[in-house]
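# A closer look at the structure
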Amino acid sequence: MGTIEPSIRSRPVYGTLAPTAAAAHLCIADAAGAAALLDLFAAAPAGFADAAEICYVPGEPDQSAALQALGAARFHESPSVFALLPRLARQFERMSMGTQVYLAGSESLIGLAMMTGMRAGLDYQAMQTEHRGTLARRVQCVHCKGVTERVTTQPVECAHCGLLLLVRDHYSRRHAAFQGVNINAEDPSENPPMEEVFR
Amino acid sequence: MATPATALPFRDETFRDDFTFRNSPQTVRRAPFPFDKDSYMYAVNMELHRDGRPDTAFEHPIDVDEHYVAEMRDRALVLDEDPLRCQSLPHMELAGWDTLELLMTSKAASYPEWFSLSRDGNAWHWINRPMGIEQRFTFGDATTLPYGPLEYITRQAQGDFCVLDERQGNLWMDAGMVTTQADWSLDFDIGMNFFEWHAPVPLAHELGIFERALKYLLAVQQANPARRLNWTMTVNPRLDTSPENYHRWGPENTHITAENVADKLFLRIELQSFWRLPRSNAILFPIRCYFLSMRDLTTVPKWSARMHRVLRSLPPELATYKGLDNFRDIAIDYLAGFDDGRATSEGAFPD
Amino acid sequence: MSLHAGIDVEVTDVVELNALVKRFHFARPDGQPLPAFSGGSHIVIEMQDGTLRRRTPYSLSSSPFDTRDYQVSIRRDDQGRGGSLYMHRGVVAGTRMRISPPANLFPLDQRAPRHLMLAGGIGITPFMAQTAQLALTGGECELHYGVRNRSLGAYLDELSARLGPRLHVYEDEAGERMDLDRLLSSQPTGTHLYVCGPTPMIEAVLAKAAKHAWPAAHLHYEHFAKAPPGEPFTVRLQASDRTVEVGAEQSMLEAIEAAGVEAPYLCRGGACGQCETRVLSLEGELLHADHWLDEKERAAGEKIMPCVSRCRGTVVLER
């Protein structure tokens, strides 16, 4: 899967997960993000797993078994990111300051989990992030405000209003999405070819 | 009680559909022409906002002109269609009250014939004659106003208003009324910091423009506002050139011809100012928009000559970012006819 | 910004709070209210001490929403440059002075559902204004206040009335200490922490907070760093073509201003970065006393913060 190229200042930049001496650890991942969690636990001191909770959304790949084998205090598997979010919101509410949050996997997983943490009052800089796996994007159509999921092409047709959208690198943490703007507004008969660029 | 708007010097005009907007000659001459020399490049062109020069847009801290009533009518139409153009994150209510106080006191002080504000503790009484508004309310209690404080007062003030929360040595766009913008979305950008919302601007980041601008803005103090000018060009005097409606106004960009450029292509000047708000410590960032058609420019020879030279020498990335590619050459050809090649005088004011 | 609008005020009251702290009240001579401000703001008070013109920052301890007067609470410091001594000894009701408008480098994070405040000694002053503000605007807060002993703890009665059980007082001489481990591990998500007091206290709190993995974005602190006195030295101002002698009790910034050169500043306490000035050359040693430059920058010797830092010998600045 692709690496993220440097881009404009609003395009998110991700890091590498590193264990902290926090009293508790909340670890969220999807698909290939599991490998980042495996690396994290391998680098962590003794006792880390006992204080850790893992929430995982399996995909391509499904590394559920490997994550369960880490022996974290709690392990939960959700069938999708959207199924995970309400549970996550509650988790953010009940934890205390001094819990370290780790988000790993696709940009959509990271963005939606981060958005949930922000709504609970946690500053976005408090949450560690690591990108692994697909570069597929969530794209908010600036015209109808609908979000199109799992966008891999440039341009993309808005799943809500049908306009053909240029997928920009301009990103909103609040929407956990990249911005889509009508690409052929000046000449609607223009039909630029769709290329798969976000894999 | 309120004097009907028709008895006051405010135009009845539109900024959409039939575009009946026109500048009277005095309005043209008082516009804040943004070019003080014959070429343009980004700069941290901040200065203090205080000179009070008569017969210019700088005369009063918050400027009201002949387009006031019509602009507010257009704003109301935009908001009816899309309420997301005015948003305020939950922690910005106090900044909204600060903004209401600043705009009401400024307008009442500058234009006592049109606005008045009387205050008895928190019991305030506001009169806006041009818009036929009279409102008694309790300062600090949003239940006594028909809208939240930011929306209430900015429905009565020309230009867009961004309210920036100051945190962690940065500024965050956490509230705004944005209906007259040159192509950016409040709904998308709200919550971003200074560098993030400026991310799409080419070239400027490498020049360190935003680092220096931010340092300047963090030092803006109460009662000592700053300002700068920005500019672009728009086809038709359309205030709502939002990305939200781009699929509606975008096609107009290809409609400029040599025959219509004089009256259909406009220089769009943004007078931006920066005010420290007292209770919230936020920065109020008004963006006030002035339109001058190419024909309007030719009534001030210095300005049409200079506009010609600026367009001719503009770096291509800048022209593309500002959306000028469709009509730049047509504008250059038209303005060339008004440029005698002689040196233009210093500064931006008309001769 | 170098152009600072000043406000002419009259001292309307001087109240001795205890053996060390006096509260000064400033009002406009015409009786009009002073500008509203945000809790945590400071003003810079101009003092003409003989030939020496000082400008010293002090936090406003009064309510931001009742600006019939401004109040600052100043602890007498016998080892300092003399600003607090000047105020304590020479300023009485009726004195006319000039102050800057309020500026805030220690604001509340308005997104926070809860504010945890840790105060040490005279560091209580910004929290006086902030708790008054929160009492009116709403917002959960808890204040932990370390004092040497109860007689030297300013504002204990007012804070007790304002906060009730949300106030916790620790008497140093009685051996009472804040239990930082307990405090830092028991705060709900979204809590922001604020600490103001002596530098060792701030450093201890921040170190503990790091150990408990509190994110930096949720930590706020204000040093009450005043420019320390020192040996006289020479400053050459290259752009202004002036040479300035900095006296023992004068800050570099004050000396530059006394020479008629306008220099930008905001906090005058070495924290905000606005007065950062390039060092062109040096004969001697830079004595950094700020909280702005990092280790690398200090070592590189190319920048200095004239509001609090000094030098041994002669330094040439870009100003």
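Since this is a predicted model, take the numbers as computed values, not measurements. (Residues numbered from 1 in each chain as written. Chains lettered and ligands numbered in written order. Predicted model: local features only at pLDDT ≥ 70, side-chain atom pairs only at ≥ 80, totals over all residues.)

## Quick word on the overall build of chain A
Applicable threshold: Going along the chain from the N terminus, every DSSP run of H or I of four or more residues is numbered as a helix, and every run of E of two or more is numbered as a strand. The reference for a compact globule is 2.2 Å times residues^0.38; the radius of gyration itself is calculated from the C-alpha atoms. Three exposure classes are used. Buried residues have 20 or more other C-beta atoms within 10 Å of their own C-beta, exposed residues have 12 or fewer, and partly exposed residues fall in between, all C-beta atoms being placed from the backbone. Once C-beta atoms have been placed from the backbone, residue pairs whose C-beta atoms lie within 7 Å are recorded as contacts.
Looking only at helices and strands, one finds four helices and 12 strands in chain A. Computed over C-alpha atoms, the radius of gyration of chain A comes to 18 Å, within 12% of the 16 Å expected from 2.2 N^0.38 for 199 residues, which places it in the range of a compact globule. Looking at chain A residue by residue over its 199 residues, the buried ones come to 46%. Summarising the internal contacts of chain A: among those between residues at least 6 apart in sequence, 63% fall at separations of at least 24.

## Brief notes about the interface of chain A and chain B
Selection rule: The classification used treats Ala, Val, Leu, Ile, Met, Phe, Trp, Tyr, Cys and Pro as nonpolar, Asp, Glu, Lys and Arg as charged, and all other residues, Gly among them, as polar.
Each partner contributes to the interface: chain A provides 17 residues, whereas chain B provides 18 residues. Mapped by element, the contributors of at least two residues to the side of chain A that touches chain B are β10 (164-172) and β11 (177-182) of chain A. Considering every element that reaches the side of chain A that touches chain B, the biggest residue donor is β11(A), with three residues. Grouping the constituent residues of the side of chain A that touches chain B by class yields five nonpolar, eight polar and four charged.

## Here we look at the interface of chain A and chain C
Chain A puts 17 residues into the contact, and the matching count from chain C is 18 residues. Looking at side-chain class alone, the side of chain A that touches chain C contains nine nonpolar, six polar and two charged residues.

## Let's talk about unusual backbone geometry
Cis geometry is adopted by the peptide bond preceding A:Pro61, which originates at A:Glu60 and carries an omega value of 5°. Within the secondary structure, A:Pro61 is located in the loop between β2 (52-57) and α2 (64-68). With omega at -5°, the peptide bond leading from A:Gln154 into A:Pro155 counts as cis. Among the structural elements, A:Pro155 can be located in the loop between β8 (153-154) and β9 (156-157). Despite not being glycine, A:Arg150 has its phi angle at roughly 50°, a positive value. Relative to the elements of secondary structure, A:Arg150 occurs in strand β7 (residues 147-151). The residue B:Asn281 is not glycine, and still its phi comes out positive at about 60°. Relative to the helices and strands, B:Asn281 is located in the loop between β9 (265-276) and β10 (283-293).

## A look at the nonpolar core
Rule in force here: Put simply, a nonpolar core is buried Ala, Val, Leu, Ile, Met, Phe, Trp, Tyr and Cys residues tied into one set by C-beta atoms within 7 Å.
Of all hydrophobic cores here, the largest spans 121 residues; its most connected members are B:Val163, B:Ile283 and C:Val235. Tallying contributions element by element places helix α3 (residues 93-110) of chain B first for this core, with seven residues. Contacts of B:Val163, omitting those with residues within four sequence positions, involve B:Met92, B:Ala95, B:Thr99, B:Leu150, B:Asp174, B:Ala175, B:Gly176, B:Ala282 and B:Leu284. In terms of nonpolar packing, the next biggest core, distinct from the first, is built from 53 residues, A:Leu26, A:Tyr102, A:Leu109 and A:Leu165 among them.

## A word on the pairing of strand β14 (residues 242-246) of chain C
Residue and element names in this part refer to chain C. Our working definition: The rule for pairing is simple: two strands pair if DSSP sees at least two bridges between them.
The pairing of strand β13 (residues 233-237) with β14 spans five bridges and is classified as antiparallel. In the strand pairing of β14, Val 235 is matched with Val 244. Taken together, β13 and the strand that follows it, β14, pair antiparallel across an intervening segment of four residues, in which Asp 241 is found at a positive phi of about 55°.

## Focus on the environment of B:Asn170
All names here are of chain B. Considering the arrangement of structural elements, one finds Asn 170 in strand β7 (residues 170-177). Linking Asn 170 and Leu 218, residues 48 residues apart in sequence, is a C-alpha distance of 7.7 Å. Contacts of Asn 170, omitting those with residues within four sequence positions, involve Asn 193, Phe 194 and Leu 214.

## Description of the domain arrangement of chain A
Residue and element names in this part refer to chain A. Counted only if it meets this: Marked domain ranges trace back to an automatic or database domain assignment.
On domain assignment, one finds that chain A holds domain 1 (24-131) and domain 2 (137-196). Across the boundary between the two partners, domain 1 contributes eight residues, which contact five residues of domain 2. Along the lines of polarity and charge, the residues of the side of domain 1 that touches domain 2 split into five nonpolar, two polar and one charged.

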